[in-house]
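So you can see what is in the structure, the chains are spelled out below.
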Amino acid sequence: MDDGMDYDVQTKVRFRLDFDGSGEFNTLLLPDVQKQFVQHVKEVYQRDDTLGNGYISSDLNFQFDGRTVRLEYTFTCHDENKAEAESFSAYCVRCVQKELEEFRSASRGIR
């Protein structure tokens, strides 16, 4: 008998892009770097066995503030309780953290 329930976890991941925006030329490149980062994250998530197979039930929403990126989405899973679902969501992000950081970014937090 299955005692679990479906839980929607509002997941937030923060990144810091390794991009030196000093100088006019570099500042002009930031929008392109941001677009490339979004594409990189989407590809990493789609390739992952968990994140790419139905656990994300919303769009990936990216918010940029200079070099800081906030990613928010809804992670839906069937689990014993809300805390377990939240823990599984964070675990899934940590599983792809190395791939995400190949873009020259560092994850700063998962909530």
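Because the structure is predicted, anything quoted here is derived from the model rather than measured.

1. Quick look at the side chain of Thr74
Piece 1. Here Thr74 is to be found in strand β3 (residues 68-79).
Piece 2. Thr74 gets classed as buried once you look at its relative accessible area, which sits at 12%.
Piece 3. The contacts of Thr74, once residues within four sequence positions are left out, are Asp8, Val9, Gln10, Tyr55, Ile56, Ser57 and Ser58.

2. Digging into the packing of aromatic side chains
Piece 1. Under the defined criterion, the tally for this structure stands at seven aromatic pairs.
Piece 2. Relative to Phe88, the ring of Phe75 has its centre 5.7 Å away and its plane inclined at 70 degrees; by these criteria the two rings are edge-to-face. Note that Phe75 is positioned in strand β3 and Phe88 in helix α2 (residues 82-101), a separation of 13 residues in sequence.
Piece 3. Aromatic ring contacts, followed pair by pair, group Tyr55, Phe75, Phe88 and Tyr91 into a single cluster.

3. Quick look at the environment of Arg70
Piece 1. Here Arg70 lies in strand β3.
Piece 2. C-alpha of Arg70 to C-alpha of Phe15: the two residues are 55 residues apart in sequence and 6.5 Å apart in space.
Piece 3. Those residues within four positions of Arg70 in sequence are excluded, and the remaining contacts are Val13, Arg14, Asn61, Phe62 and Gln63.
Piece 4. Separated by 2.7 Å, the side chains of Arg70 and Gln63 make a polar contact.

Criteria and cut-off values
Residues numbered from 1 in each chain as written. Predicted model: local features only at pLDDT ≥ 70, side-chain atom pairs only at ≥ 80, totals over all residues. Heavy atoms only, no water. Helix = DSSP H or I, 4+ residues; strand = E, 2+ residues; numbered from the N terminus. Buried < 20%, exposed > 50% of the residue type's maximum accessible area, 1.4 Å probe, protein only. Contact = heavy atoms within 4.5 Å. Phe/Tyr/Trp six-rings, centres within 6.5 Å; stacked < 30°, edge-to-face > 60°. Polar contact = N/O pair within 3.5 Å; in protein donor to acceptor, adjacent residues only side chain to side chain.

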